[in-house]
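Here are the chains, one letter per residue:
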Amino acid sequence: MENNIRPIKNEITPVRLHLELKDDYLTDYQRRMFRRYGESISGDSITRDILIPSDMPLHNLHYAIQKLFGWKNSHLRRFYLPED
């Protein structure tokens, strides 16, 4: 019996993203709020981990990030990607 199952060429796989929102110029009050509501141990950043499909369009990823951090598409943000 012949095996007619072919591998899927464009298989969709999950991609784990670790997003970190960091500010070096926070007031003490803002640091306390980050610790309390942002689940930040150090108080200087908020992190989110998300699984997305590998074929997610950039436009959809943009709105997912907006939702994760509670933004309403009203402020400009700048993102840095690691070299590796």
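Residues numbered from 1 in each chain as written. Predicted model: local features only at pLDDT ≥ 70, side-chain atom pairs only at ≥ 80, totals over all residues. Heavy atoms only, no water.

Take the overall build of the chain next. Counting its regular elements, the chain contains two helices and two strands. Scanning the chain from its N terminus toward the C terminus, one meets helices and strands in the order β-α-β-α. Residues counted as buried form 20% of the 84 residues belonging to the chain. At a minimum sequence separation of 6, the contacts of the chain that also span at least 24 residues come to 52%. As presented, the chain carries roughly 8000 Å² of accessible surface, and 53% of it is formed by carbon and sulfur atoms. (Helix = DSSP H or I, 4+ residues; strand = E, 2+ residues; numbered from the N terminus. Buried < 20%, exposed > 50% of the residue type's maximum accessible area, 1.4 Å probe, protein only. Contact = heavy atoms within 4.5 Å. Areas by Shrake-Rupley, 256 points an atom, 1.4 Å probe, with all protein chains shown as cover.)

Another point: helix H2 (residues 58–69). The first and last C-alpha atoms of H2 sit 17 Å apart over twelve residues, in line with the 16 Å expected at 1.5 Å per residue. For H2, the set of buried residues is Leu61, Ala64, Ile65, Gln66 and Phe69. Downstream of H2 by a residue or two, Gly70 has a phi angle that is positive, lying close to 75°. (Expected span 1.5 Å × (residues − 1).)

On to the environment of Ala64. Mapped onto the secondary structure, Ala64 falls in helix H2. With 14 residues separating them along the chain, Ala64 and Ile50 place their C-alpha atoms 9.1 Å apart.

Aromatic ring pairs are defined here through the distance separating the ring centres and the angle between the ring planes. By the definition in use, this model includes one aromatic pair. Taking the centre distance of 5.1 Å and the plane angle of 20° together, the rings of Phe69 and Trp71 count as stacked. In terms of burial, Phe69 and Trp71 fall into one category: buried. (Phe/Tyr/Trp six-rings, centres within 6.5 Å; stacked < 30°, edge-to-face > 60°.)

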